[in-house]
Amino acid sequence: MKKQSLILAAVLFGSAGVFAAAPSGLPILPSVIKEVANGGASTGPGAKNDEARIASLKEKALGDDWSVALPAIRELKGMGNPARPAVVEVLKTVLTREQEAIKAAVAGIGDGKEAADFEGRINTLRAEARDNVAKLSKTKPETFKKAHEYYDELVPMTAKMNQAWAMRMAIVEGMGHRADLIGMWREVAPAKDTSFTPDAEAKLKQSAFAAVGDFLDRAAGLKWNKPPQDESLKPLWFFGVARKIEAWNNQVMDKNMDPEERKNFTMVNTYREAIGLMPYEADPRLIQAARRHSKEMVDLKYFSHESPTASEKDFGMRSKNAGYLKGASGENIAAGGKGGDGTFWMWFDSEGHHKNMAGGSNALGVGRWNSTYTQNFGGGPRIMQMTDAERAGVKIEGEILAPQPAATTVTRKAK
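Cut-offs and rules
Residues numbered from 1 in each chain as written. Predicted model: local features only at pLDDT ≥ 70, side-chain atom pairs only at ≥ 80, totals over all residues. Heavy atoms only, no water. Helix = DSSP H or I, 4+ residues; strand = E, 2+ residues; numbered from the N terminus. Buried < 20%, exposed > 50% of the residue type's maximum accessible area, 1.4 Å probe, protein only. Contact = heavy atoms within 4.5 Å. Areas by Shrake-Rupley, 256 points an atom, 1.4 Å probe, with all protein chains shown as cover. Core = buried A, V, L, I, M, F, W, Y, C linked by side-chain atoms within 4.5 Å. Axes fitted to C-alpha atoms, helices over the stretch in contact; angles between N-to-C directions. Parallel < 35°, antiparallel > 145°, perpendicular 65-115°, else oblique. Left-handed = near helix turned anticlockwise from the far one by under 90°. Nonpolar A, V, L, I, M, F, W, Y, C, P; charged D, E, K, R; others polar. Phe/Tyr/Trp six-rings, centres within 6.5 Å; stacked < 30°, edge-to-face > 60°. Lys NZ or Arg CZ within 6 Å of the ring centre and 35° of its normal. Pairing = 2+ DSSP bridges. Salt bridge = Lys/Arg side-chain N within 4 Å of Asp/Glu carboxyl O.

Novice: Whenever I open this one, the overall build of the protein chain confuses me. Can you help?
Specialist: Scanning the protein chain from terminus to terminus reveals 15 helices and 5 strands. Here the protein chain, with 415 residues, has 43% of them falling under the buried criterion. Counted over contacts in the protein chain with a minimum sequence separation of 6, partners at least 24 positions apart contribute 74%. A total of about 21,100 Å² of accessible surface is found on the protein chain, and carbon and sulfur atoms cover 56% of it.

In structure tokens:
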């Protein structure tokens, strides 16, 4: 097994100011002075283009994705007076929304000592569960019993802990964006608008600090592209990266997987996160490699990791043929499972399959045909880590096999 990569791409944004100077020596009409002072819209030939651009940027600026919203706000502000009313509206909306989210998170955080004790307990159980995975053996049924016990205890504990980390994340990210947004607000706010005064902002930061302590300042420099050196920040980093992978996976699964494939994939990642392992990234190429193999096993009536088709002989060749050029690291197959969840538990109760699902790869593709399932694992670079140019080069090779609508149950077996 290959060592798991825990790196994700991060996008950092800097502040930018926009300054404009009027030509000197020319008379300026009072009506023009009034329009500029009030942030009036332009009326030249480009006015309609400006309006369309402003509307598009405004929509992006009010979205939930900060990697899109923050540049859109800056671009709006950079358009100057024609966009000023939109900038004022957007900043006021976003700052109010963030303020309410921070206050709600502060109110939702409970006793700090209780939370610390809970986190200590879950970290201990996760380490024990991972150690038990290494010991799994069909000659030691007690190890599988323990694996089920850890699953039953850790999955709900992780869900509970994630709720707490979501509140901390809301505070950390909200306060992290706020200084930049407030700076822009001070530049464009109408003269009589008393929203977000320095005193109110100071009180908001004080309440945030009371909820999470100096964690707020230490987490301000957190980079999602690498684990922090500070051990106390690693749980927040793990939670944040897992949510970024989850958001990516949801988009990939919506476009590429049927409900049973998705169910199986999600159960694997739920288990991985519960025992403290980074979730797999859904890779469309591995999904195709898996689905094609499942279909071929059904069509040619065989059940094996080795295909009778020379060009598709093993999982490495099948993954490469689907466009996953290097890094194929393993495969699980099963037939007769009762849907994606039943197949997950078949593999869970089998030593090699379980260790693949809890292994150190980066990516996973699940493909079903009838009730025959294949999981293909990949240790190559995560698509999320790639540059835009690299990502543009990621393509599914060969036939793109659409999901099959329904499953048929046959004799249960896994290999």
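What follows picks up the thread again.
Novice: Help me understand the nonpolar core in this model?
Specialist: The nonpolar side chains of a soluble globular protein tend to be buried with one another. Ranked by size, the top nonpolar core spans 63 residues in total, and within it L154, F215, L236, F265, Y271, I275 and F344 carry the most contacts. Looking at this core, the element that brings in the most residues is helix α6 (residues 141-188), giving 12 residues. In this view, Y271 contacts V133, Y151, F344, F348, H354 and A358; residues no more than four positions away in its chain are not counted. Counting 24 residues, the second largest nonpolar core, distinct from the first, contains I54, L57, I73 and M184.

Novice: What am I meant to see in the environment of E273 here?
Specialist: Tracing the backbone shows E273 in helix α10 (residues 259-274). A relative accessible area of 8% means that E273 is categorised as buried. Note: C-alpha distance between E273 and A242 (31 residues apart in sequence) is 7.8 Å.

Novice: Hey, could you run me through the packing of α6 against helix α7 (residues 198-212) in this one?
Specialist: In a packed pair of helices, the relevant descriptors are the angle between the two axes and the axis-to-axis distance. The N-to-C vectors of α6 and α7 enclose an angle of 165°; their axes lie 11 Å apart at closest approach. Judged on the interaxial angle alone, α7 and α6 are roughly antiparallel. In the crossing of α6 with α7, the sense of the turn from one axis to the other is left-handed. Of α7, the residues touching α6 (which contributes R168, I171, M175, R178, I182 and R186) are P198, E201, L204, K205, A208, A211 and V212. For the contact of α6 with α7, the class distribution of residues is 8 nonpolar, no polar and 5 charged.

Novice: What am I meant to see in the packing of aromatic side chains here?
Specialist: Centre-to-centre distance and the angle between the planes together describe a pair of aromatic rings. With the rule as written, the count across this model stands at 11 aromatic pairs. Note on W185 and F196: the rings are 5.5 Å apart at their centroids and 85° apart in plane angle, and the pair reads as edge-to-face. With W185 in helix α6 and F196 in the loop between α6 and α7, this pair connects stretches of sequence that are 11 residues apart. The exposure classification of W185 matches that of F196, with both residues buried. Grouping aromatic residues by their ring pairs yields a cluster made of Y151, Y271, F344, W345 and F348. Over the ring of W165 we find R168, and its NZ or CZ is 4.3 Å from the ring centre. Its end group placed over the ring of Y280, R272 keeps NZ or CZ at 3.8 Å from the ring centre.

Novice: Explain the pairing of strand β4 (residues 372-378) to me, please; I cannot follow it from the model alone.
Specialist: One face of the sheet, then the other: side chains in a regular strand alternate in exactly this way. Most of β4 is tucked away: 7 of the 7 residues are buried. Neither face of β4 is open: one carries T372, T374, N376 and G378, the other Y373, Q375 and F377, and all of them are buried. Where strand β2 (residues 328-335) and β4 come together, 7 bridges link them in antiparallel fashion. In the sheet register, A335 faces β4, and the bridge partner there is T372. Bridge count for strand β3 (residues 363-369) against β4 is 7 bridges, and the pairing is antiparallel. Within β4, the position partnered with W369 by the bridge is T372. Once β3 ends, the chain turns through 2 residues before running back antiparallel as β4, passing N370 with a positive phi of about 55°.

Novice: How do you make sense of the packing of α10 against helix α13 (residues 339-348) when you look at a structure like this?
Specialist: At a minimum axis distance of 7 Å, the contact between α10 and α13 shows a crossing angle of 45°. What the angle tells us is that α10 and α13 run oblique. In the packing of α10 onto α13, the handedness of the crossing is right-handed. Contact residues: α10 offers E260, K263, N264, M267, V268 and Y271, while α13 offers G339, G340, D341, T343, F344, W345, W347 and F348. Its residues assigned to classes, the contact of α10 with α13 shows 7 nonpolar, 4 polar and 3 charged.

Novice: Sorry, what's going on with the pattern of salt bridges here?
Specialist: Any two side chains of opposite charge can pair if their charged atoms end up close together. Overall, the coordinates contain 25 salt bridges when judged by the stated rule. The closest approach of N and O atoms between E149 and K146, which form a salt bridge, is 3.6 Å. Residue E149 and its partner K146 are both found in helix α6; the two are separated by 3 residues, about one turn of the helix. Taking the shortest distance from any N to any O, the salt bridge between E261 and R291 comes out at 2.8 Å. One end of the pair, E261, is in helix α10; the other, R291, is in helix α11 (residues 284-299), with 30 residues separating them in the sequence. The class of E261 is buried, set by a relative accessible area of 0%. Bridged by salt links that share partners, the residues D214, R218 and D230 form one connected network.

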